[in-house]
Amino acid sequence: MKIDFKNNKIIEALDNAIFPRNITCLICGHDIFDDNPYLMCENCQKKGLIVNGRVCKKCGASLFSNSSYCYRCQKENFYFDRAISVFYYEAEIIRNIKQFKFEGFSALKKSFAKSLAYCYIVNNLTADYILYVPLYISKEKKRGYNQSKLLAHELAKLINLPVLDDVLVKIVNNESQVGKTLKERQENVKNVYSVKDKEKIKGKRILIIDDVLSTGSTLNACAKVLKSCKCESVIALTYAQPRLKIDKYFEKCQLKGLKTFGKISKVLYTKF
Ligand SMILES: [Zn+2]
Ligand SMILES: [Zn+2]
């Protein structure tokens, strides 16, 4: 009998028992001995980086009122049905994302995907296909990879769903969203995404992956083209999103008579 050593679960388990993997905390680097989905030591899990508590049922923003939806989602409508993130986009998490995104830290993709898979399962999300936010072809070639594609494929192995490559594509090489206000971001992603195989996603439930959701403009633009192809639902799953006290800012804006979110968005979002 020929044994497939590479894919043999028993051999893998034995290997792990005899040579335990050296798992270290993503945040502080200390050894961790339990296989928790966030790959954080007990101390770092208490730092409040994991999204918890009440979040907007639509965009996943932290809620500070009794409503089920944040102020923005009560006023505007995202095309995605729901967005959900694992972590808050804060110092330690930002460092990991930058390592993953710009330094090609591919070892991080496994731990990122593991926490995404956990988030998918505990939130009872369902999907037929996994898609990811595409990069413009020349940008992907220059970087050598698309971090969201890496995450999507790694996640797919864990939750056993197929990834659709090259179905959602970026057709315009737009400017980076960094430093732009909400309105500028919305404009910047207008008509930059397209769906290649519309029939493939018709009537299907889509899970779309990205590393960070900030204003939601990018994922919203992707969801818009996906919905125009009559897919059943679009759920956005991201590694991190900012812990913005969006409701509080909106309340302040209302009180001060500022009518648009754009006027304060520069303060809120320019750091991304
Ligand atoms: Zn730690
Ligand atoms: Zn919301």
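Residues numbered from 1 in each chain as written. Chains lettered and ligands numbered in written order. Predicted model: local features only at pLDDT ≥ 70, side-chain atom pairs only at ≥ 80, totals over all residues.

1. Observations concerning the overall build of the protein
Phase 1 of the analysis: Each helix and strand counted, the protein has 12 helices and 6 strands in total.
Phase 2 of the analysis: A total of 272 residues make up the protein; the buried ones form 37% of that total.
Phase 3 of the analysis: By sequence separation, contacts in the protein at least 24 residues apart represent 73% of the contacts at least 6 residues apart. (Helix = DSSP H or I, 4+ residues; strand = E, 2+ residues; numbered from the N terminus. Buried ≥ 20, exposed ≤ 12 C-beta atoms within 10 Å, placed from the backbone. Contact = placed C-beta atoms within 7 Å.)

2. Topic: the packing of helix H5 (residues 107-122) against helix H7 (residues 147-159)
When two helices pack together, their arrangement is given by the angle between their axes and by how far apart the axes lie.
Phase 1 of the analysis: Between H5 and H7, the shortest axis-to-axis distance is 8 Å and the interhelical angle comes to 55°. Judged by the inter-axis angle, H5 sits oblique to H7. Considering only the axes of H5 and H7, their crossing is right-handed. In this structure, H5 contributes Lys109, Lys110, Phe112, Ala113, Lys114, Leu116, Ala117 and Tyr120 to the contact, and H7 contributes Leu150, Leu151, Glu154, Leu155, Leu158 and Ile159.
Phase 2 of the analysis: Here the residues of the contact of H5 with H7 sort into 10 nonpolar, no polar and 4 charged. (Axes fitted to C-alpha atoms, helices over the stretch in contact; angles between N-to-C directions. Parallel < 35°, antiparallel > 145°, perpendicular 65-115°, else oblique. Left-handed = near helix turned anticlockwise from the far one by under 90°. Nonpolar A, V, L, I, M, F, W, Y, C, P; charged D, E, K, R; others polar.)

3. Topic: H7
Phase 1 of the analysis: Spanning 13 residues, H7 covers 18 Å between terminal C-alpha atoms, matching the ideal 18 Å at 1.5 Å per step.
Phase 2 of the analysis: Every buried residue belonging to H7 is among Gln147, Ser148, Leu150, Leu151, Ala152, Glu154 and Leu155, and all of these are buried.
Phase 3 of the analysis: Residues of H7 that are buried make contact with helix H4 (91-102), H5, strand E2 (129-132) and strand E5 (205-212).
Phase 4 of the analysis: Phi turns positive one or two residues past the end of H7, at asparagine 160, with a value near 60°. (Expected span 1.5 Å × (residues − 1).)

4. Focus: the packing of H4 against H5
Phase 1 of the analysis: Where H4 meets H5, the axes come as close as 9 Å, and the angle between the chain directions of the two elements is 125°. Compared by their axis directions, H4 and H5 come out oblique. Like other packed secondary-structure pairs, H4 and H5 cross with a definite hand, here left-handed. Mapping the contact onto sequence places Asn96, Gln99 and Phe100 in H4 and Leu108, Lys109 and Phe112 in H5.

5. Concerning unusual backbone geometry
Phase 1 of the analysis: Unlike most non-glycine residues, leucine 39 shows phi in positive territory, near 50°.
Phase 2 of the analysis: Its location among the elements puts leucine 39 in the loop between helix H1 (9-18) and helix H2 (42-45).
Phase 3 of the analysis: One non-glycine residue, asparagine 124, lies in the positive phi region at around 50°.
Phase 4 of the analysis: As for its placement among the helices and strands, asparagine 124 is situated in the loop between H5 and E2.

6. Focus: the pairing of strand E1 (residues 82-88)
Phase 1 of the analysis: Counting buried positions along E1 yields 6 of 7 residues, so the element is predominantly enclosed.
Phase 2 of the analysis: With 6 bridges connecting them, E1 and strand E6 (residues 233-241) associate as parallel partners. Among the inter-strand pairings, serine 85 is bridged to a residue of E6, identified as threonine 238. (Pairing = 2+ DSSP bridges.)

7. What to know about the environment of tyrosine 38
Phase 1 of the analysis: Along the chain, the position of tyrosine 38 falls in the loop between H1 and H2.
Phase 2 of the analysis: A tally of 20 C-beta atoms within 10 Å means that tyrosine 38 is categorised as buried.
Phase 3 of the analysis: In contact with tyrosine 38, not counting residues within four places along its chain, are Gln45, Ile50 and Ser115.

8. Remarks on the sheet that holds E6
Phase 1 of the analysis: With parallel pairing, 4 strands are arranged side by side in an open sheet as E1-E6-E5-E2. Unpaired on one side and paired on the other, E1 and E2 mark the two borders of the sheet. Going across the sheet, the axis of each strand differs from the next one's by a mean of 25°, ignoring polarity.
Phase 2 of the analysis: Strands E2 and E5 of the sheet are contacted by H7, whose axis makes an angle of about 125° with E5.

9. As for the nonpolar core
Phase 1 of the analysis: Grouped together as the largest cluster of nonpolar side chains are 59 residues, with contacts concentrated most on Leu116, Ile208, Cys222, Leu226 and Ala236.
Phase 2 of the analysis: Not counting chain neighbours up to four residues away, the residues in contact with isoleucine 208 comprise Leu131, Tyr132, Val133, Leu219, Cys222, Val234 and Ala236.
Phase 3 of the analysis: Core analysis: the second largest hydrophobic core is formed by 7 residues, Leu26, Ile32, Tyr38 and Met40 among them. (Core = buried A, V, L, I, M, F, W, Y, C linked by C-beta atoms within 7 Å.)

10. Describing the confidence of the model for the protein
Any residue range with low pLDDT should be treated as having predicted coordinates unsuitable for detailed reading.
Phase 1 of the analysis: Chain-level statistics for the protein give a pLDDT mean of 83 and a share of 80% at 70 or above.
Phase 2 of the analysis: Between the elements of the protein, mean pLDDT differs from a low of 49, seen in helix H12 (residues 262-269), to a high of 98, seen in E2.
Phase 3 of the analysis: Taken together, the stretch residues 14-20 has pLDDT below 50 and engages in 1 contact with residues farther than four places along the chain or on a different chain. (pLDDT = per-residue confidence, 0-100.)

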